[in-house]
Amino acid sequence: MMFSYDANELVLKPLEKMVKRVEIIRKNPLEAIRLEEELLQREVDLLRKKSQEENDYIKETRRLLDYLLSCCGLRNKEGVEPPMETIILEKTLVKIGTLMALGFGEAGTFIIAKNLESTEGVNPMVPGRKVTCIFGFCDIRNFTDATEILREKVMVFVNQIAEIVHGVCDDFSGSANKNIGDAFLLVWKLPERHPYTGKEVAYRIQDDGETKEITDTEIITKTADMALMSYLKIIANINKSPVIAEYRRHEGLLARLGKHYRVRMGFGLHQGWAIEGAIGTTYKIDASYLSPNVNLASRLEAATKQFGVPILVSGGMIELLSKRFQDECRRIDRVTVKGSKQPIDLWTVDLHPEALAVDGPKRPKD
């Protein structure tokens, strides 16, 4: 009976748990990140529980037990009991899933899921699928100069900015897709069904000559509002960050770019269809989006320099916004952008980020 209990508790139950976790990751690879946080929280809770329960008597008993186990070679020099192989394997599987989710991003979940479903070898060349998204393209200004001046430290410079860009994007239900040196592609995928009501969602978007009828606009409007709001929040955080503010005092940057230098970015925002899938070969692939709409978002960002504004939003994107957000935007021109057959309206949001004060050091709570 004792052997049956040990086999059940130490082998069968942990294996069943691992199978369930692999199944969760197979269905949605992004869940691996949540599972890793879950494992970490579980360990923290166990340590906290042990700390609360231990009294002087238990501590004395534990010291005696540690001594006996160390004499038998069952505990290492630090007095820590080695974890079971099943626990190590479970953590390893979750970490692998987390790395895949981080490497492929939301655009790659379909590729990972398809390969995990298959019993054959890895095949990254999964056909793409058509999706409707909001595409945000943002770029760091004066990056060539910054690279020449900062040299090896330019990686730290980019990653400090990326931490703000990616973090805010995630907070507002978007996903970071590409990191292209000084530029970032952010994506807000529009769902086919409302996540709460289950109603079919459609959009007023011209798609290959067909205009879809709107049956549920609430989730589309909220997603569009969050996409624009994330840009405003990124600009605010870039200007308020004490880490980023340090570059305003960098002697090399000030000498090259002037005494009023500060980190600035340009933003382009557009919506439309795209093909989501793998780009590359079996040697190296990237999960991303291919579409004229992605290119248009990039061109809008590039045009911010010409118009002297931090943000350019397409007229099609403005139509998806709520009335409250539309009222904050200003139409500045109507142009025919390279790669687009139809003229589009260009809108911006008037901002004065220079008026924002840099955050001071956080005071410890009493």
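Because the structure is predicted, anything quoted here is derived from the model rather than measured. (Residues numbered from 1 in each chain as written. Predicted model: local features only at pLDDT ≥ 70, side-chain atom pairs only at ≥ 80, totals over all residues. Heavy atoms only, no water.)

A.B. asks: Hey, could you run me through the nonpolar core in this one?
C.D. replies: Formed by 47 residues in total, the largest nonpolar core has its most connected members in Phe157, Ile161, Phe184, Leu186 and Met265. With residues near it in sequence (within four places) discarded, Phe184 still touches Gly136, Phe137, Cys138, Ile140, Val158, Ile161, Ala162, Val165, His166, Lys178, Asn179 and Met265. If you look at the next biggest cluster of nonpolar residues, it comprises eleven residues, including Phe137, Ala183, Leu185 and Val294. (Core = buried A, V, L, I, M, F, W, Y, C linked by side-chain atoms within 4.5 Å. Buried < 20%, exposed > 50% of the residue type's maximum accessible area, 1.4 Å probe, protein only. Contact = heavy atoms within 4.5 Å.)

A.B. asks: Explain the pattern of salt bridges to me, please; I cannot follow it from the model alone.
C.D. replies: Any two side chains of opposite charge can pair, given that their charged atoms come close. Tallied over the entire structure, the rule returns twelve salt bridges. As a salt-bridge pair, Asp139 and Arg141 come within 3.5 Å of each other at their nearest N and O atoms. Exposure class is identical for Asp139 and Arg141. Each is buried. Measuring nitrogen to oxygen at the nearest pair gives 2.9 Å for the salt bridge that ties Asp350 to Arg330. With Asp350 in the segment after strand 10 (344–349) and Arg330 in strand 9 (residues 329–335), this pair connects stretches of sequence that are 20 residues apart. Taking the relative accessible area as the measure of exposure, Arg330 reaches 37% and is therefore partly exposed. One connected set of salt bridges, linked through shared partners, spans Arg129, Lys189 and Glu276. (Salt bridge = Lys/Arg side-chain N within 4 Å of Asp/Glu carboxyl O. Helix = DSSP H or I, 4+ residues; strand = E, 2+ residues; numbered from the N terminus.)

A.B. asks: Where do I start with helix 11 (residues 292–307) in this structure?
C.D. replies: For the α-helix, the turn length of 3.6 residues means that residues three or four positions removed from each other point alike. In a regular helix each residue adds 1.5 Å, so 16 residues correspond to 22 Å; helix 11 covers 22 Å between its end C-alpha atoms and thus fits that length. Along helix 11, the residues that are buried comprise Asn293, Val294, Leu296, Ala297, Leu300, Glu301, Ala303 and Thr304. Residues of helix 11 that are buried make contact with strand 1 (129–140), strand 3 (183–189), strand 6 (265–280), strand 7 (285–290), strand 8 (311–314) and strand 10. The opening residue of helix 11, the one whose side-chain oxygen lies 3.0 Å from the backbone nitrogen of Asn293, is Ser291. Taken from the residues just after helix 11, Gly308 is the one with a positive phi, measuring 70°. (Expected span 1.5 Å × (residues − 1). Polar contact = N/O pair within 3.5 Å; in protein donor to acceptor, adjacent residues only side chain to side chain.)

A.B. asks: Looking at this structure, I do not really get the packing of helix 6 (residues 143–150) against helix 7 (residues 154–171). What am I missing?
C.D. replies: Geometrically, a packed helix pair is captured by the angle between its two axes and the distance between the axes. The N-to-C vectors of helix 6 and helix 7 enclose an angle of 135°; their axes lie 8 Å apart at closest approach. The angle between the axes of helix 6 and helix 7 places the two elements in the oblique class. In this structure, helix 6 uses Phe143, Ala146, Thr147 and Leu150 to contact helix 7, whose residues at the interface are Val154, Phe157 and Val158. Looking at the contact of helix 6 with helix 7 residue by residue, the classes come out as six nonpolar, one polar and no charged. (Axes fitted to C-alpha atoms, helices over the stretch in contact; angles between N-to-C directions. Parallel < 35°, antiparallel > 145°, perpendicular 65-115°, else oblique. Nonpolar A, V, L, I, M, F, W, Y, C, P; charged D, E, K, R; others polar.)

A.B. asks: Would you mind going over unusual backbone geometry with me for this structure?
C.D. replies: Note: most peptide bonds trans; most residues except glycine with negative phi. Within the chain, Asn142 stands out as a residue other than glycine whose phi angle is a positive 55°. Taking relative accessible area as the criterion, Asn142 reaches 39% and is therefore assigned partly exposed.

A.B. asks: Hey, could you run me through the confidence of the model for the chain in this one?
C.D. replies: Caution applies to low-pLDDT regions: their predicted coordinates should not be interpreted in detail. Looking at the chain, pLDDT values average 76 and 56% of them are 70 or higher. Low pLDDT (under 50) marks residues 76–82, which in the prediction has five contacts with non-local residues, meaning those over four places away or in another chain. Of the regions scoring below 50 in pLDDT, residues 205–214 engages in 22 contacts with residues more than four places distant in sequence or in other chains. (pLDDT = per-residue confidence, 0-100.)

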